[in-house]
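Listed below, chain by chain, are the residues.
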Amino acid sequence: MGEDDHVRGDGPLVVEYADLECPYCAKANLLLAELPVRRAFRHFPIVSKHPRARVLAHALEAAGLQGRFWEMHGSLLGDQGHLDDPHLWERCARLGLDVGRFDADRRSDAVAERVVRDFRSGVRAGVMTTPTLFVDGVAHPGIPDDSLLARLSG
Amino acid sequence: MIEAGARAPDFSLPDQDGDTVSLKDLEGQYSVLAFFPAAFSPVCTDQLSVYEEVLPELRARDAAVYGISVDGAFALKAFQASIGTTIPLLSDFHPKGEVAQAYGVWVPERGVATRALVLIDPDLSVRWTYRPPSPLEIPGANLIFDALDAVAA
């Protein structure tokens, strides 16, 4: 775990590699939200499959720089039908973000590098599909199945 | 399956645009042949999508990736467009599976290549191979980087 990993919750650690335009990730997010786990989110945008994935990853990081990472995370995964720039600005306004700063931050090199770093760590860990969850160092590709959910529900 | 150290078996196949790609074209670079059973199966879609994302890093290490299946060139063209990949897809369609057979990845009872990776040296010998225990298991891009690291070591 890195110092700047995005982490929330208490319980067994689940590291998730996800693509914000991926419907399976949205489903996994709903399932994990119910569980008493400590979640760490890492970006794994697959742009050839999801053209907006990297833009969204950058937007999420930019929201994080204004302290609204998980709010934007929930917003994006909660409605994957509105992902164009005007929709992102609207989401920012709703979350009380400074839209000008958001737009500058999401195009910054620092944010791009941050997302690439997550992606590379996923590649090194053998991630080949989204979502992929790591629990106790073991990879679980795809939407978490019943046995994993039961195990994590404590 | 063909083993590391062997000469890479010669081949000449049409890509998705009908242009011929031959073994000798791979001279001077590291080449990853990614055999996959069939276009449009969800599993290989993810495999090539992730390889697509790491192409710039592979290119920086003089490595290129080629997908190979027994699908026809027109089907591979449609598949390439549908997953938005730039990875060339080679059609081992006629005589069907000839190259898969030469590389020892042919599955006769199903009439397709199994999922496998073959890393070919700039001098056209086989450097490394990987065949997952099941074709449903996707070889991670990390395996390709590990194999290239081993070459550099």
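So, a few notes on the structure that sits alongside this text.

Secondary structure summary: chain B contains 5 helices and 9 strands in total. Across chain B, helices and strands are ordered from the amino to the carboxyl terminus as β-β-β-α-α-β-α-β-α-β-β-β-β-α. Expected size for 153 residues packed as a compact globule is a radius of gyration near 15 Å; at 14 Å, chain B falls within 12% of this value. With respect to the three principal axes, the spread of C-alpha positions in chain B is 40 × 30 × 30 Å. Relative to its 153 residues, chain B shows a buried fraction of 41%. For chain B, restricting intrachain contacts to residue pairs at least 6 apart in sequence, the fraction spanning at least 24 positions comes to 66%.

Another aspect to go through is the packing of helix H2 (residues 53-65) of chain A against helix H3 (residues 69-78) of chain A. Residues and elements named next belong to chain A. Where H2 contacts H3, the two axes come as close as 7 Å, and the packing angle between them is 145 degrees. Relative to H3, H2 is oriented so that their crossing is right-handed. Contact residues: Leu56, Ala59, Leu60, Ala63 and Gly64 in H2; Phe69, Met72, His73 and Leu76 in H3.

Moving on to the sheet that holds strand S1 (residues 6-8) of chain A. Pairing between the strands of a sheet is mediated by backbone hydrogen bonds and can be parallel or antiparallel. Residues and elements named next belong to chain A. Across the sheet, 5 strands lie side by side as S1-S3-S2-S4-S5; this open sheet has mixed pairing. In this open sheet, the two edge strands, each paired with only one partner strand, are S1 and strand S5 (138-141). Pairs of neighbouring strands in the sheet enclose a mean axial angle of 25 degrees, with direction left out of account. With 4 bridges connecting them, strand S2 (residues 13-18) and strand S4 (residues 132-135) associate as antiparallel partners. Residue pairing across strands places Glu16 opposite Leu133, the latter belonging to S4. Where helix H6 (residues 109-124) meets the sheet, its contacts fall on S2 and strand S3 (38-43), and the angle it forms with S3 comes to roughly 105 degrees.

Moving on, we come to the sheet that holds strand S8 (residues 116-120) of chain B. All names here are of chain B. Across the sheet, which stays open at both edges, the 5 strands sit in the order S5-S4-S3-S8-S9 with mixed pairing between neighbours. Across the chains shown, the open sheet's two edge strands, defined by having one partner strand only, are strand S5 (89-91) and strand S9 (126-130). Neighbour-to-neighbour, the strand axes of the sheet open up by a mean angle of 25 degrees, direction not taken into account. Note: strand S3 (residues 30-35) against S8, 5 bridges, orientation antiparallel. If you follow Phe35 over to S8, its bridge partner there is Ala116. Sheet contacts for helix H5 (residues 141-152): S3, strand S4 (63-69), S8 and S9; angle to S9, the most-contacted strand, approximately 150 degrees.

Listed by partner, the interface residues are 10 residues for chain A and 14 residues for chain B. Here the residues of the side of chain A that touches chain B are counted per class, giving 5 nonpolar, 3 polar and 2 charged.

In this section: the packing of H2(A) against helix H5 (residues 99-106) of chain A. Residue and element names in this part refer to chain A. In contact at an axis separation of 8 Å, H2 and H5 are set at 130 degrees when each is read in the N-to-C sense. Classified by the interaxial angle, the pair formed by H2 and H5 is oblique. The crossing of H2 and H5 is right-handed. On H5, the residues that touch His58, Ala59, Ala62, Ala63 and Leu65 of H2 are Phe102, Asp105 and Arg106. Within the contact of H2 with H5, the residues separate by chemical class into 5 nonpolar, 1 polar and 2 charged.

Right, let's talk about the nonpolar core for a bit. A:Leu20, B:Ala34, B:Phe35 and B:Ala113 are the most contacted members of the largest nonpolar core, which has 70 residues in total. Examining the composition of this core, we find that 8 residues originate from one element, H2(A), more than from any other. In contact with B:Ala34, other than residues within four places in its own chain, are B:Tyr51, B:Val65, B:Tyr66, B:Gly67, B:Ile68 and B:Leu117.

Now for unusual backbone geometry. For the bond from A:Thr130 to A:Pro131, the omega torsion is -10 degrees, close enough to zero to count as cis. Summarising the element assignment, A:Pro131 is placed in the loop between H6 and S4. In this model, B:His94 is joined to B:Pro95 through a cis peptide bond whose omega is -5 degrees. Note that B:Pro95 resides in the loop between S5 and helix H4 (98-102). The phi angle at B:Leu124 is positive, at roughly 70 degrees, despite the residue not being glycine. With respect to the helices, strands and loops of the structure, B:Leu124 is situated in the loop between S8 and S9.

Rules used in this analysis
Residues numbered from 1 in each chain as written. Chains lettered and ligands numbered in written order. Predicted model: local features only at pLDDT ≥ 70, side-chain atom pairs only at ≥ 80, totals over all residues. Helix = DSSP H or I, 4+ residues; strand = E, 2+ residues; numbered from the N terminus. Rg over C-alpha atoms; globule rule 2.2 N^0.38 Å. Buried ≥ 20, exposed ≤ 12 C-beta atoms within 10 Å, placed from the backbone. Contact = placed C-beta atoms within 7 Å. Axes fitted to C-alpha atoms, helices over the stretch in contact; angles between N-to-C directions. Left-handed = near helix turned anticlockwise from the far one by under 90°. Pairing = 2+ DSSP bridges. Nonpolar A, V, L, I, M, F, W, Y, C, P; charged D, E, K, R; others polar. Parallel < 35°, antiparallel > 145°, perpendicular 65-115°, else oblique. Core = buried A, V, L, I, M, F, W, Y, C linked by C-beta atoms within 7 Å.

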